[in-house]
Amino acid sequence: MEKSYLIKPMLDEDYPVIDYGKGVYLFDMEGKKYLDAASGAVTANIGHGAAEIMEAMQEQAKKVSFVYRSQFTSGAAEKLAQKIAALLPGDLNWSFFVNSGSEATETAMKMAIQYWQEKGIHTKTKVLSRWVSYHGITLGALSMSGHTGRRARFVPLLEDFPVINPPYCYRCPYNLTAPTCNYLCARELNQAIERIGAEKIAAFIAEPVIGASGGAITPPKDYFKTIKEICDAHDILFIADEVMTGSGRTGTMLASEHWDIIPDIVALGKGLGAGYAPIAAAVASEKVMEPILAGSKSVMSGHTLSANPQSCAVALAVLEYLEKNEIMREVENKGEYLRNELEKLIAQYSFVGDVRGKGLLLGIEFVEDRITKTPFPRHALVTQQMVSLAKEKGLIVYPAGAGIDGVNGDSIIISPPLTITTNEMEELIDLLAATFEAFSNQINAGMAG
Ligand code: PMP
């Protein structure tokens, strides 16, 4: 192969070249087939190669591919904003379109700060968050991210926004169980607010289910109710980062709906364009937009490709595809089926410590000792081993939770396209069991630890 000048995640590794994708499968140039049990990065929510999306792309391209947002609007962008307003709960009506999840959370952060400024309050500029969280890679988004591995190189440039523990029931720092724990991890927010001062805090941001940094860490029942009450009591906006959990991934448009909360601002990404085009959004409620509409009348952000007609046409087609095929209705059942099958693997393999998640966003945490929940040593690189063993077998799983020393263990996410069939789920489980068998053999041969 010719020399590659593409900066890939690991520059000393070979990556298969994908030729095409169809449904839940990807095929490389050598003809090897992969079952995409990760939807790439929890993104390809309606699978690969959907004809309807290609048609929508073509139709828009025939009309116009680019107009600049400060000069024009487009039918595609207007319709997409209307569709999102109709699908999201409450009065989350106002969309600001961007191109990635990081831009969406960062725009949400700026909207929150601007909200208070428009009300004449200029001290509220911090956006607090949780450890073991991931809100994106740009510096503003990274400031909110509690992923120590990704922060490490840039710490001098970052704000100290992560302040509280996540609702990590499998490794509860208080050694308690919900609901008798009284949601102490959520109540840590009270102490943080007292220490920092509510007058300095614009918002609190959280992923409903913690993805990339935690492996589908799912909160207990009243966790978010408690968080929202604390935010409201201190005049702090609540931002839900639904970049991974939104757009139907857990069976509802927003995962927040499972816990009966309506955020003030929501970040959407990944599944919104389902990988067919780069598109994400910060969606604000009427409450947040009111002082902005009455004040400066403009949200201070924007990118050249914001509200790109081509991307908006794709996202609209993806949302229509979800509706037309009633995809979301089956997600919780499919998630339940997969979860039951995964739990059977707990019985078979002692290194499977925990299975968790919501809808089709499932996490598996690995442990060296199931009784003591002792994680594998960091140097064993168990997450990476699992991902590459699975890939060898033709199964794509998403690495999560590695790299947060002393906080959590190795984990992977299972998040196939929402369109996956029962036969394909059976195949997924078989391939995963084969991966675990291979890992088990490595442990027995003394190679894993
Ligand atoms: N927020 C969450 C919850 C995410 O999972 C991610 C991506 N893993 C991001 C933000 C950042 O999105 P992007 O990679 O598109 O910038």
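Parameters and conventions
- Residues numbered from 1 in each chain as written.
- Predicted model: local features only at pLDDT ≥ 70, side-chain atom pairs only at ≥ 80, totals over all residues.
- Helix = DSSP H or I, 4+ residues; strand = E, 2+ residues; numbered from the N terminus.
- Buried ≥ 20, exposed ≤ 12 C-beta atoms within 10 Å, placed from the backbone.
- Contact = placed C-beta atoms within 7 Å.
- Near = placed C-beta within 6 Å.
- Nonpolar A, V, L, I, M, F, W, Y, C, P; charged D, E, K, R; others polar.
- Domains from an automatic or database assignment.
- Pairing = 2+ DSSP bridges.
- Axes fitted to C-alpha atoms, helices over the stretch in contact; angles between N-to-C directions.
- Parallel < 35°, antiparallel > 145°, perpendicular 65-115°, else oblique.
- Left-handed = near helix turned anticlockwise from the far one by under 90°.
- Expected span 1.5 Å × (residues − 1).
- Arc of directions from axis to C-beta.

Caption draft 1: Structural detail: the overall build of the chain. The helix and strand tally for the chain stands at 13 helices and 15 strands. Reported as C-alpha extents along the three principal axes, the dimensions of the chain are approximately 65 × 55 × 45 Å. Per-residue burial for the chain yields a buried fraction of 50% across its 449 residues. Put simply, 73% of the contacts in the chain that link residues at least 6 apart link residues at least 24 apart.

Caption draft 2: Inspection of the site of the ligand at higher detail. Surrounding the ligand, one finds 16 residues, the nearest of these being S100, G101, S102, V243 and M244. Counting residues per element, the shell around the ligand draws most heavily on helix α4 (residues 101-118), at three residues. Of the residues that constitute the shell around the ligand, the class distribution is six nonpolar, eight polar and two charged.

Caption draft 3: Structural view of the domain arrangement of the chain. Under the domain assignment used here, the chain contains domain 1 (18-49 + 330-444) and domain 2 (52-324). Each of domain 1 and domain 2 has a C-alpha centre, and these two points are 26 Å apart. Taken together, the contact pairs 33 residues of domain 1 with 33 residues of domain 2. At the level of elements, α1 (39-42), α11 (327-348), β11 (352-358), β12 (361-366) and β15 (410-414) are the ones that each hand at least two residues to the side of domain 1 that touches domain 2.

Caption draft 4: Structural context of the sheet that holds β12. The four strands are arranged β11-β12-β15-β14 in an open sheet whose pairing can be described as antiparallel. In this open sheet, the two strands that pair with only one neighbour each are β11 and β14 (398-400). Sheet twist, expressed as the mean angle between neighbouring strand axes with direction ignored, is 25°. Across three bridges, β14 lies against β15 in antiparallel orientation. Within β15, the residue paired with A400 across the bridge is S411. Relative to β11, α11 is tilted by about 175°, and along the sheet it contacts β11, β12 and β15. Where helix α12 (residues 382-393) meets the sheet, it contacts β12, β14 and β15, and its direction lies at approximately 35° from that of β15.

Caption draft 5: Structural view of the sheet that holds strand β10 (residues 280-285). With respect to topology, seven strands assemble into an open sheet ordered β4-β10-β9-β8-β7-β5-β6, the strand pairing being mixed. Edge positions in the sheet fall to β4 (92-98) and β6 (162-164), since each has one partner strand and no second. When the angles between neighbouring strand axes are averaged without regard to direction, this sheet yields 30°. As defined by bridge partners, strand β9 (residues 265-268) adjoins β10 across four bridges and the pair is classed as antiparallel. Counted as the bridge partner of V266 is V283 from β10. Along the sheet, helix α3 (residues 75-87) contacts β4 and β10; its crossing angle with β4, the most-contacted strand, is approximately 135°.

Caption draft 6: Layout of the environment of F204. Tracing the chain through its elements places F204 in strand β7 (residues 201-206). C-beta crowding within 10 Å serves as the criterion here: with 28 such atoms nearby, F204 is assigned to the buried category. Sequence separation between F204 and E52 is 152 residues, and the spatial gap between their C-alpha atoms is 38 Å. Once residues within four sequence positions are removed from consideration, F204 is found in contact with L128, S129, L189, I227, C231, I236 and F238.

Caption draft 7: Structural detail: unusual backbone geometry. A cis amide bond, omega 0°, links A178 with the succeeding residue P179. Structurally, the position occupied by P179 is in the loop between β6 and α7 (184-196). Backbone geometry places D260, a non-glycine residue, at a positive phi of 55°. Here D260 shows up in the loop between β8 (237-241) and β9.

Caption draft 8: The packing of α7 against helix α8 (residues 223-233), seen in detail. Running from N to C, α7 and α8 point in directions that differ by 15°, and their axes come no closer than 8 Å. Accordingly, the angle class assigned to the pair α7 and α8 is roughly parallel. Note that α7 runs across α8; the crossing there is right-handed. Here A186, R187, L189 and N190 of α7 come into contact with α8, specifically with Y223, T226, I227 and I230. For the contact of α7 with α8, the residue count by class is five nonpolar, two polar and one charged.

Caption draft 9: Here's a closer look at the environment of Y223. Along the chain, the position of Y223 falls in helix α8. On the neighbour-count criterion, Y223 (23 C-beta atoms within 10 Å) is buried. Discounting residues that sit within four places of it in the chain, Y223 has contacts with P167, Y183 and A186.

Caption draft 10: A look at the pairing of β4. Counting buried positions along β4 gives six out of seven residues, so the element sits mostly inside the fold. Bridging between β4 and β10 involves six bridges; their strand directions are antiparallel. Bridge pairing links S95 to V283 in β10.

Caption draft 11: Layout of the environment of A86. Tracing the chain through its elements places A86 in helix α3. For A86, a count of 11 C-beta atoms within 10 Å corresponds to the exposed category.

Caption draft 12: Examining α3 more closely. In this model α3 runs 18 Å from its N-terminal to its C-terminal C-alpha over 13 residues, within 8% of the 18 Å that 1.5 Å per residue would give. Buried residues of α3: A76, A77, L80, A81 and I84, and no others. One side of α3 carries all its buried residues, which in axial view fall inside an arc of 130°. Of the surrounding secondary structure, the elements contacted by the buried residues of α3 are α2 (51-63), β4, β10 and α10 (309-324).

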